[in-house]
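Per-entry structural report
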Amino acid sequence: MKYTTLFLASVLILYGLGAAVYALFGVDLLALALPVPALYRAALSLAGVAAAWLAFWLIAFRPTKFLS
């Protein structure tokens, strides 16, 4: 479970960096890396799964509970 969370967090970080490059420079790195539309959509769906997993993880384990 730890490796799953680390992997999916890194996936979201990479997607975020790619989105920042697209917003700043107009270059879609994901589209350049995956020119086939089916692969592009599969990679985007992985971002949705990663976000759902991390939302579940934050709700279930409350890692920010002891920050105050």
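Being a predicted model, the structure only gives us computed values, none of them experimental.

Attention now moves to the packing of helix H1 (residues 2–25) against helix H3 (residues 37–61). Direction vectors running N to C along H1 and H3 enclose 125°, while the axes themselves pass 9 Å from each other. With respect to H3, the axis of H1 lies oblique. Judged by the sense of rotation from one axis to the other, the crossing of H1 with H3 is left-handed. Of the residues in H3, those touching H1 at Thr4, Thr5, Leu8, Ala9, Val11, Leu12 and Tyr15 are Ala43, Leu44, Leu46, Ala47, Ala50, Ala51, Trp53, Leu54 and Trp57. Considered class by class, the residues forming the contact of H1 with H3 number 14 nonpolar, 2 polar and no charged.

This part takes up the packing of aromatic side chains. Scanning the model with the defined rule gives 2 aromatic pairs in all. Ring centres of Trp53 and Phe56 lie 5.6 Å apart, and the angle between their planes is 50°; on these two criteria the pair is classed as tilted. You can see Trp53 and its partner Phe56 sitting in helix H3, 3 residues apart, about one turn around the helix. Phe56 sits in the partly exposed class, given a relative accessible area of 43%. Measuring from centroid to centroid gives 6.4 Å for Trp57 and Phe61, while their planes differ by 50°, and the two rings are tilted. Here Phe61 and Trp57 lie together in helix H3, a separation of 4 residues that amounts to about one turn.

Reading the values: rules and limits
Residues numbered from 1 in each chain as written. Predicted model: local features only at pLDDT ≥ 70, side-chain atom pairs only at ≥ 80, totals over all residues. Heavy atoms only, no water. Axes fitted to C-alpha atoms, helices over the stretch in contact; angles between N-to-C directions. Helix = DSSP H or I, 4+ residues; strand = E, 2+ residues; numbered from the N terminus. Parallel < 35°, antiparallel > 145°, perpendicular 65-115°, else oblique. Left-handed = near helix turned anticlockwise from the far one by under 90°. Contact = heavy atoms within 4.5 Å. Nonpolar A, V, L, I, M, F, W, Y, C, P; charged D, E, K, R; others polar. Phe/Tyr/Trp six-rings, centres within 6.5 Å; stacked < 30°, edge-to-face > 60°. Buried < 20%, exposed > 50% of the residue type's maximum accessible area, 1.4 Å probe, protein only.

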